[in-house]
Amino acid sequence: MKRKILLLVLFAALIGFGFTRVAKLRMKKEGNMRIKWLGHACFLIEAEDGTKVITDPFDDSIGYPIPKEKPDVVTVSHSHFDHNAVDLLQGNPEVVKDVGEKKVKGIVFKGIKSFHDKSKGAQRGTNTIFVFTIDGIKLCHLGDLGHLLTTEQLKEIGGVDVLFIPVGGTFTIDGREAREVSKQLNPRLIIPMHYKTEACSIGIDSCEEFLKGFKKVERTKEWRGNKKSLPSEQTVLVLEYIE
């Protein structure tokens with residue numbers, strides 16, 4: 001009798017171990033990404049395997065602290081001081097810029113031509129939109145987009161899970177226009193950027209006008225998750241900038 005009970009206990013333990021192992025393997029396969037806002041249009045996107053991507057690094061005139069993170073890859077949407085200060089970052093990251101596809105650290109970055117204004121670049125030049133997939137999540141960073149997206153640009157971008165979008169106006173699309181671009185792309189998670197905060201020294205608007213058009217708005221320090229944990233209902237996530 002005691003032997004039967006012992007065998008049953010061992011059998012149950014083995015089944016439990018098997019389920020736990022399968023769950024862990026599934027989680028590893030799906031990934032567990034981390035997104036932090038470092039200020040302005042600069043984000044840290046860390047893959048489950050530890051690969052770190054930083055977008056549009058700024059210089060020390062913007063008001064935010066220079067990022068202390070050591071990235072593997074840096075994307076630069078255009079050559080303005082508040083978006084291309086790669087030399088102020090730690091380490092020796094590979095820089096991705098301009099139109100076209102480039103594979104770095106196993107990640108394919110697709111650069112799509114756009115403009116920094118509504119005059120096809122006559123005022124502020126060109127801007128590169130970057131689309132890339134990490135841990136099965138497709139991300140789109142619009143840089144300093146200055147206009148609504150064209151049919152061709154929408155086709156090149158394709159479906160998006162997470163959208164980083166400028167909302168502060170003056171040098172980019174404003175809150176109202178950003179709502180329109182969000183409708184064009186229809187992502188599951190929208191993260192506003194390039195707007196006025198207490199730390200920001202640039203004369204742009206806050207994100208409040210942009211937020212008016214959305215039912216679901218959440219605020220947090222950072223986002224962690226995977227493809228399955230993305231919100232089922234479109235959500236705007238306002239991140240606190242982190243030093």
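Whatever comes next refers back to the structure up there.
Everything numeric in this text was worked out from a predicted model, so none of it was measured.

Chemist: It is not clear to me how the overall build of the protein should be interpreted in this structure. Could you clarify?
Modeler: Scanning the protein for helices and strands turns up 4 helices and 14 strands. Going through the 243 residues of the protein one by one, you find that 49% of them count as buried. Sequence separation of 24 or more characterises 54% of the internal contacts of the protein that already satisfy a separation of 6 or more. Entry remark: accessible area of the protein is about 12500 Å², with carbon and sulfur atoms responsible for 52%.

Chemist: It is not clear to me how the sheet that holds strand β3 (residues 52–55) should be interpreted in this structure. Could you clarify?
Modeler: In a beta sheet, neighbouring strands are held together by backbone hydrogen bonds and run either parallel or antiparallel to one another. With respect to topology, 6 strands assemble into an open sheet ordered β5-β4-β3-β2-β1-β13, the strand pairing being mixed. Each edge of the open sheet carries a strand with a single partner, namely β5 (94–97) and β13 (222–225). Strand-to-strand twist in this sheet, taken as the mean axis angle between neighbours without regard to direction, amounts to 20 degrees. Taken together, the 3 bridges between β3 and strand β4 (residues 73–76) define a ladder with parallel strand orientation. Residue Thr55 lies in a different strand from β4, and its bridge partner there is Thr75.

Chemist: Any chance you could explain the packing of aromatic side chains here in plain terms?
Modeler: Given two aromatic rings, their pairing is described by the distance between the two centres and the angle made by the two planes. Summed over all chains, the structure comprises 9 aromatic pairs. When the centroid spacing of 4.9 Å and the interplanar angle of 40 degrees are considered together, the rings of Phe109 and Phe132 count as tilted. One end of the pair, Phe109, is in strand β7 (residues 107–115); the other, Phe132, is in strand β8 (residues 126–134), and 23 residues separate them in sequence. You'll find Phe109 and Phe132 in the same group, each marked buried. Members of the aromatic cluster, each reached through a chain of ring pairs, are Trp37, Phe43, Phe58, Tyr64, Phe164, Tyr195 and Tyr241.

Thresholds applied
Residues numbered from 1 in each chain as written. Predicted model: local features only at pLDDT ≥ 70, side-chain atom pairs only at ≥ 80, totals over all residues. Heavy atoms only, no water. Helix = DSSP H or I, 4+ residues; strand = E, 2+ residues; numbered from the N terminus. Buried < 20%, exposed > 50% of the residue type's maximum accessible area, 1.4 Å probe, protein only. Contact = heavy atoms within 4.5 Å. Areas by Shrake-Rupley, 256 points an atom, 1.4 Å probe, with all protein chains shown as cover. Pairing = 2+ DSSP bridges. Axes fitted to C-alpha atoms, helices over the stretch in contact; angles between N-to-C directions. Phe/Tyr/Trp six-rings, centres within 6.5 Å; stacked < 30°, edge-to-face > 60°.

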